[in-house]
Amino acid sequence: MSRPDAAAAYPYPGDDPASIGSVSETLGICSNELTYLNQSLTKVQSGLSSAWVADAATKCNADIATLIKFLPTGASKLAAAGKAATTYQTTLVSVRREVDGLRTQWTTLQNKLSADATNYTHETEFNDTKGAAATIQDEQRLQSTVSELDLEYYAQVTKSNTAAETCGAALRAASGEWTDSPTGEHQTQSLDDVLGLGKLGVLHDIEMHDLAVKYADDLKNNHKLDSNWGKQAHQVALAMAKYGNDPAFAAAFFAELGPQMSQTLPTFLSESGDPDAYADIQAYSKAFGVAVTNASMDPGMKPVMDAYTSAGGSDGSAWDRGVMTHFGTFPPAWIAQAADASALNGIAGRQEGKDVPGWYEDMRNRMGGPEIPGIENNVAALWLSNVQGSPEASRLAIENMGWDGEHNAVSTNIKSIIDYAGQADSRDLSNVSAYNQAYGKVFEAASGADNEIDGQHSAAASTFAAGVFDAFGKEDHPYTTGAEASLAKLGGSYVQEMAAGVPVGDNASDTKLLSGEEVVPVPGDNGYPGQNPAFAIPKELQSKFMATFVGDPNATTTFDNAAGSQYHDALVAAARADGVAEPGQNETMNHVAKAYGTVAGIENHTTTEVVGEADEAAKEANENLKSILSLGLDAIPGEKIAEGVPGIVWDMSKHLGNMGLESTFGETDDPRFDALGEKSHEIALAQPYETLSILHEAGYPGTDQVPPSLLDPTTHELLPMGKVLDDPQKVTALQDYLNYTKNHPPANHTSVYDKSSDVAGNYSGGYDGGNG
Amino acid sequence: MTYFVKHKELESAAQVLKDNTAYADTTKFDLTGISKIGAPAAGEGVGAELAKLETAWLEVLPKFTKELNGLAAKVKASATVYVEVEEAVGGRFTPFAT
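Small disclaimer: the values here were computed from a predicted structure and weren't measured. (Residues numbered from 1 in each chain as written. Chains lettered and ligands numbered in written order. Predicted model: local features only at pLDDT ≥ 70, side-chain atom pairs only at ≥ 80, totals over all residues. Heavy atoms only, no water.)

Asks: What's the story with the overall build of chain A in this structure? I'm lost.
Replies: Each helix and strand in chain A was counted, giving 32 helices and 0 strands. Residues classed as buried in chain A amount to 53% of the 772 residues present. Here the contacts in chain A between residues at least 6 apart in sequence split such that 77% fall between residues at least 24 apart. When the accessible surface of chain A is split by element, carbon and sulfur atoms take 50% of a total near 32900 Å². (Helix = DSSP H or I, 4+ residues; strand = E, 2+ residues; numbered from the N terminus. Buried < 20%, exposed > 50% of the residue type's maximum accessible area, 1.4 Å probe, protein only. Contact = heavy atoms within 4.5 Å. Areas by Shrake-Rupley, 256 points an atom, 1.4 Å probe, with all protein chains shown as cover.)

Written out as structure tokens, the structure is:
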């Protein structure tokens, strides 16, 4: 019998391993490529996000995200399928090896069976019954073995099939991912929506432009100035509030509205009876600020802006223009020019006796014209209020004002502004007060009193301030009611300049400093340490300037606070200098005390003049003191008094001078005490205590021996005066200390005791000099 | 002012999208013929699944690459329109994102 082939008996189950290996490799490659594609497209998304900032772009990117969403999962499913294929391949290889083994065994068995078959034939022929029986037995045994091999083979087949099923399942999962992928038509549509032209950013400006033009035309072409116009103007004002911040909108609106109506809107709003006129004009004005600031966006803005800066001809619109520029924010140079054209040039011209057209009268008395409640009627006051928000605009407006292109010294212009108030019609004093207040704020801003520090003024600000002082130097009791607060603030920002302007030490006989009515350069040796005055204000000029505000208690407080603060800082710096100076060179504190004492004396003298009789002045002084006392001395901190309540010390200094330390602890005949009763000793102690605290702050030799009981345990600063005076032990400690320093001065230095005394004495001397 | 567009960057984004489309089209991504790799003897097993995978791949990938292409074209078109508008209005608008 022919022997069947082993391969035919035991064919290899499943797929060809090499082929499956290829499948695995291919799937792995595709998986990697999908991953790479995903990374690349994700980068595109972020690039689009940064390049294309709009709602449209967000949607577009979202669609890209959806489109590529399946990529990572698809990649991982393909990778999984590839791995399953590899596993399948490995299984197939091992199955085939087993089958090979089975085939070999099967071949051996088949050979043996063949041999048995031959033997049996031979044995039967020769009646070898025994042999035949043995052969049959052997054949049976062999057949049984073959059956076992068969079983093993089928086990391998099962193994292969199982692996095939697993791999098949993984492939099915991978292909299932594809059918779920979001590549349907709807994606494309949303991209169409998203990329529609209407959403493109650049066309936003065109949209805004067209919208603005529409609104402007609505107003412009509606010729009847009635309540309907007012209603429409109100609607347009609502649009201003909504879009007015957009440069394209604002510039296009006013460019289209044109020079005429861009000026006269306030009058039109008033005449048409718009009940929301104030809120509406505020919206228009703010948008106008945006338009002027972004005028380059529309060439039509140029004639509008020119109409403001070159107002001329018959012009009743100065007030309108002032209203239009009242609420918005404008470039400083432009608003200054507009203020000059509408109001300030006329003031300059009038003061020079020039032939200024009648419409400038409008500035002072605006009677009977259209009004918007809540908005200043006085044209000059209105325009001054429009520039006061910017120090630069304030300076430019005053510096450049001049009739017919004339250029004047800034102090001339300042004087013109001040004098204009004096020409006010007596019917209209309330307007003058507003006018004064307005120019006060302009001077304040222009002098850097709001945004700069005394001793650190910019050249522009100090030049202007010098002009202010010089202007008042030429005045004789000008009417400045309404401007006090600003002038006091201005003065308080130039206290160093006042201290520099009084004769002290080597300058004692300098007549320029005594009687000058203009500011002068800082005298050569008036350079106190830590002080940096821009110029020096002579005594007479200080008095003239102070006269503008000393009649007003609030304004005076403003000035006193600033002066007290400067004095304190100057003394500390002087104390530091004296602490390290050679004997004979350590008079700085004395000079500083004298200088500032003189300024205080000038202030007191001026107050007496302004307020009236000496009795009145003294009465007022006592009232002030009583209110300080009611605060309690606890309110006065131990050190850094200038930071806490500088005005108190300045005030006390001003009104009392030094009592002398002896009087602290004993009786005195000084009549100034009588009005103050029991508190007199405490008041007497105040000034020398403050001097001690300055010396302590400056680390003056000998102050390291201040008893610890007088110091705050944490800050090591002197305790507040009230805490010392409340405690008899502390008072004794203070007294002992002061006596000790008096009798044990440090080598080469004046003792703390003598220093206190000298400072007080010099201050007092200066005060009397200024007061005389 | 958040609506402006860097059109040059839009153009380069469009180009990248287009490059990816070409990339997706290459033979690296080719699962075609994978069904032929499987032994025909497998019948219902692995071979059949491979055939299904191939069909799915052949359906989806072209759509995907086509839509990438479309997207690239639209992004490019936006950049082009933008440039035209800018020219038309005489450079009045500042075409950069704030």
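Asks: I tried to follow the overall build of chain B on my own but got confused; where do I start?
Replies: Across its full length, chain B carries 3 helices and 0 strands. N-terminal to C-terminal, the α/β element order of chain B is α-α-α. Out of the 98 residues belonging to chain B, those deemed buried represent 42%. By sequence separation, contacts in chain B at least 24 residues apart represent 75% of the contacts at least 6 residues apart. Put simply, chain B shows about 4800 Å² of open surface, and 57% of that area lies on carbon and sulfur atoms.

Asks: Looking at this structure, I do not really get the packing of helix α16 (residues 410-422) of chain A against helix α18 (residues 459-473) of chain A. What am I missing?
Replies: A pair of packed helices can be characterised by two numbers: the angle between their axes and the separation between those axes. Residues and elements named next belong to chain A. Contact geometry of α16 with α18 gives a least axis separation of 8 Å together with a crossing angle of 55°. If you check the angle between α16 and α18, you find them oblique. Seen along the crossing, α16 lies across α18 with a hand that is right-handed. Touching Val410, Ser411, Ile414, Lys415 and Ile418 of α16 are Thr463, Phe464, Gly467, Val468, Asp470, Ala471 and Phe472, all from α18. (Axes fitted to C-alpha atoms, helices over the stretch in contact; angles between N-to-C directions. Parallel < 35°, antiparallel > 145°, perpendicular 65-115°, else oblique. Left-handed = near helix turned anticlockwise from the far one by under 90°.)

Asks: Which parts of the structure should I look at to understand helix α14 (residues 379-387) of chain A?
Replies: An α-helical turn contains 3.6 residues, so any two residues separated by three or four positions project in the same direction. Residue and element names in this part refer to chain A. The buried fraction of α14 is high, at 8 of 9 residues. Looking at α14, one finds that the buried residues are Val379, Ala380, Ala381, Leu382, Trp383, Leu384, Asn386 and Val387. Of the residues flanking the start of α14, the one acting as N-cap is Asn378, its side-chain oxygen 3.0 Å from the backbone nitrogen of Ala380. (Polar contact = N/O pair within 3.5 Å; in protein donor to acceptor, adjacent residues only side chain to side chain.)

Asks: Hey, could you run me through the side chain of A:Thr480 in this one?
Replies: As for its position among the elements, A:Thr480 is in the loop between α18 and α19 (484-492). On the accessibility criterion, A:Thr480 (7% relative accessible area) is buried.

Asks: Explain the pattern of salt bridges to me, please; I cannot follow it from the model alone.
Replies: Oppositely charged side chains may form a pair once their charged atoms are brought near each other. Residue and element names in this part refer to chain A. Counting across every chain of the model gives 13 salt bridges over all chains. The residue Glu352 makes a salt bridge to Lys354 at a minimum N-O spacing of 3.2 Å. Judged by relative accessible area, which is 28%, Glu352 ranks as partly exposed. Residue Asp578 pairs with Lys755 through a salt bridge whose shortest N-O separation is 2.9 Å. (Salt bridge = Lys/Arg side-chain N within 4 Å of Asp/Glu carboxyl O.)

Asks: Explain the packing of α18(A) against helix α22 (residues 539-546) of chain A here, please?
Replies: All names here are of chain A. Interhelical geometry of α18 versus α22 gives an angle of 90° and a closest axis separation of 9 Å. For the element pair α18 / α22, the angle class is roughly perpendicular. Between α18, through Val468, Phe469, Asp470, Phe472 and Gly473, and α22, the contact on the second element is made entirely by Leu541, Lys544 and Phe545. Grouping the amino acids of the contact of α18 with α22 by side-chain chemistry returns 5 nonpolar, 1 polar and 2 charged. (Nonpolar A, V, L, I, M, F, W, Y, C, P; charged D, E, K, R; others polar.)

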